[in-house]
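# Observations on the model geometry
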Amino acid sequence: MRVSIVLRSLATGGAERQFVAMAVGLRDLGHDVQILTLYPDNAFEADLEAGQVPHHALVRDPTGPSAALRRMSAPAWLARRFRRQGADVVYATSPGVSFLSWSVAESLRLPLAWGVRGYSPSFSEAWLVSHRRCRHVSARVAGLVANSHDLMAKYRAMGFQNPIQRVVPNGVDLTRF
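So, here is what we can say about the structure in this document.

Counting across every chain of the model gives three salt bridges. Between Asp 88 and Arg 2 there is a salt bridge, and its shortest N-O distance comes to 3.1 Å. With Asp 88 in the loop between helix H4 (74–85) and strand S4 (89–93) and Arg 2 in strand S1 (residues 2–7), this residue pair connects regions lying 86 residues apart in the sequence. On the basis of relative accessibility, which here comes to 31%, the residue Asp 88 falls in the partly exposed class. For Arg 2, a relative accessible area of 34% gives the class partly exposed.

Let us now look at the pairing of strand S7 (residues 164–167). Remark: a regular strand shows side chains that alternate across the two faces of the sheet. Sheet topology note: the strand S6 (residues 143–146)/S7 ladder contains four bridges and is parallel. Note on S7: the bridge partner recorded for Gly 143 is Ile 164. Handedness of the crossover joining S6 and S7 through helix H7 (residues 149–157): right-handed.

So, about the sheet that holds S7. Pairing is parallel in the open sheet, where seven strands are placed in the order S3-S2-S1-S4-S5-S6-S7. One side of each edge strand has no neighbouring strand; the edge strands of this open sheet are strand S3 (55–57) and S7. Looking at each pair of strands side by side, their axes are set apart by 20° on average, direction ignored. Of the strand pairs in this sheet, S1 and strand S2 (residues 32–37) are connected by six bridges, and their pairing is parallel. Each residue of the ladder has a partner; that of Arg 2, found in S2, is Asp 32. Where H4 meets the sheet, its contacts fall on S1, S2, S3 and S4, and the angle it forms with S2 comes to roughly 170°.

Conventions used here
- Residues numbered from 1 in each chain as written.
- Predicted model: local features only at pLDDT ≥ 70, side-chain atom pairs only at ≥ 80, totals over all residues.
- Heavy atoms only, no water.
- Salt bridge = Lys/Arg side-chain N within 4 Å of Asp/Glu carboxyl O.
- Helix = DSSP H or I, 4+ residues; strand = E, 2+ residues; numbered from the N terminus.
- Buried < 20%, exposed > 50% of the residue type's maximum accessible area, 1.4 Å probe, protein only.
- Pairing = 2+ DSSP bridges.
- Right-handed = clockwise from strand over helix to strand, strands pointing away.
- Axes fitted to C-alpha atoms, helices over the stretch in contact; angles between N-to-C directions.
- Contact = heavy atoms within 4.5 Å.

Any link to function would need more than the numbers given here.
Here's what the structure looks like:
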């Protein structure tokens, strides 16, 4: 299976580490996996290279003069990357990236799964707006994967209606923390 994992960035963090471990694990099982990010941060470059998982970033220099134009081209860039890989499925995380990935995957008729890691009403307004957009289209997304039963219950209570809802408890590689 050819899997495209879409993240905001690979800056250092627990969620990013989990997605890198998932990508390498899928690759070890024989799947063709790529990680696509909007920003070039990559605290896990050595792990991805060792696991032979390619990482492609939309913006190479987030402060450069062309960064804003590159971000506006994100849908077309994702579509090209999905097609180039021949993606069978897309896995996206965080509301903004999930909504963007949904719009592209939907146009290419690719199944999409969303990974959710947390929710707080105190998140930024931009995060909450993206979250509401995701909720409105959730029934058209193949699956929702949460890292706890409590979080999945919160998403159900907020109106997420994904056809498939799964919990991968913790989703943490305890040998690395």
